[in-house]
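Chain by chain, the residues:
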Amino acid sequence: MAFRISDECISCGSCESECPNEAISEGAEQYVIDPNKCTECVGFYETQQCLEVCPVEAPGPDPDVEETHDQLLAKFRKLHPGQEPA
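Residues numbered from 1 in each chain as written. Predicted model: local features only at pLDDT ≥ 70, side-chain atom pairs only at ≥ 80, totals over all residues. Heavy atoms only, no water.

Colleague: How should the overall build of the chain be read in this particular structure?
Modeller: Secondary structure summary: the chain contains two helices and four strands in total. The helix and strand sequence of the chain, counted from the amino end, reads β-β-β-α-β-α. The globule rule puts the C-alpha radius of gyration for 86 residues at 12 Å, and the 12 Å found for the chain is close to it. In terms of overall dimensions, the chain has C-alpha extents of about 35 × 25 × 20 Å along its principal axes. Burial analysis of the chain (86 residues in total) assigns 38% to the buried set. Restricting to contacts in the chain with at least 6 residues of sequence separation, those with at least 24 account for 66%. As presented, the chain carries roughly 5400 Å² of accessible surface, and 45% of it is formed by carbon and sulfur atoms. Charge separation in the chain, taken as the distance between the mean sites of 5 positive and 18 negative side-chain charges, equals 10 Å. (Helix = DSSP H or I, 4+ residues; strand = E, 2+ residues; numbered from the N terminus. Rg over C-alpha atoms; globule rule 2.2 N^0.38 Å. Buried < 20%, exposed > 50% of the residue type's maximum accessible area, 1.4 Å probe, protein only. Contact = heavy atoms within 4.5 Å. Areas by Shrake-Rupley, 256 points an atom, 1.4 Å probe, with all protein chains shown as cover. Lys, Arg positive; Asp, Glu negative; His and termini not counted. Charge placed at Lys NZ, Arg CZ, Asp CG, Glu CD.)

Colleague: What's the story with the nonpolar core in this structure? I'm lost.
Modeller: The tendency in soluble globular proteins is for nonpolar side chains to be buried side by side. Within the largest apolar cluster, 14 residues are counted, with the highest numbers of intra-cluster contacts made by Ile-5, Cys-15, Ile-24, Tyr-31, Ile-33, Cys-38 and Cys-50. Those elements giving two or more residues to this core turn out to be strand S1 (3–5) and strand S3 (31–33). In this structure Cys-38 touches Ala-2, Phe-3, Ala-23, Ile-33, Glu-67, Leu-72 and Lys-75, once residues within four positions along its chain are discounted. With five residues, the next largest nonpolar core counts Val-42, Phe-44, Leu-72 and Leu-73 among its residues. (Core = buried A, V, L, I, M, F, W, Y, C linked by side-chain atoms within 4.5 Å.)

Colleague: For this particular structure, what's the right way to read the environment of Asp-64?
Modeller: Within the secondary structure layout, Asp-64 lies in the loop between strand S4 (59–61) and helix H2 (69–79). Separated by 15 residues in the primary sequence, Asp-64 and Leu-79 place their C-alpha atoms 21 Å from one another.

Colleague: What exactly am I supposed to notice about the pattern of salt bridges here?
Modeller: Oppositely charged side chains can pair when the atoms bearing their charge come close. Scanning all chains against the criterion turns up one salt bridge. A salt bridge links Glu-67 to Lys-75; its shortest N-O distance comes to 3.0 Å. (Salt bridge = Lys/Arg side-chain N within 4 Å of Asp/Glu carboxyl O.)

Colleague: Explain H2 here, please?
Modeller: The α-helix winds at 3.6 residues per turn, so residues separated by three or four positions along the chain end up facing the same way. Buried within H2 are the following residues: Leu-72, Leu-73, Lys-75 and Phe-76. Relative to the axis of H2, the buried residues are bounded by an arc of 155 degrees and lie together on one face. With respect to the buried face of H2, the exposed residues turned more than 90 degrees away are Asp-70 and Lys-78. (Arc of directions from axis to C-beta.)

Colleague: Where do I start with the environment of Glu-84 in this structure?
Modeller: In this structure, Glu-84 sits in the segment after H2. Sequence-wise, Glu-84 and Asp-62 are 22 residues apart; in three dimensions their C-alpha atoms are separated by 26 Å. Not counting chain neighbours up to four residues away, the residues in contact with Glu-84 comprise Gly-43 and Phe-76.

Dropping the structure here:
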């Protein structure tokens, strides 16, 4: 499943530059994650980088966007054609 950012977000921006898919952007109230671009870092890392750097652990799984590992890997391949997963 894609990740989302909860209301705990303090808008520090530390997560935005860590996203390898450029799925994170500044929203009106807090940072947001585009579920069409979020692969939970599948294809790049073993852990979700946004969660790793967030001082308040605001990013987390989005129960409204459930995806399997294979679906996330397929999304990675679509977003990064020709690039091999790490």
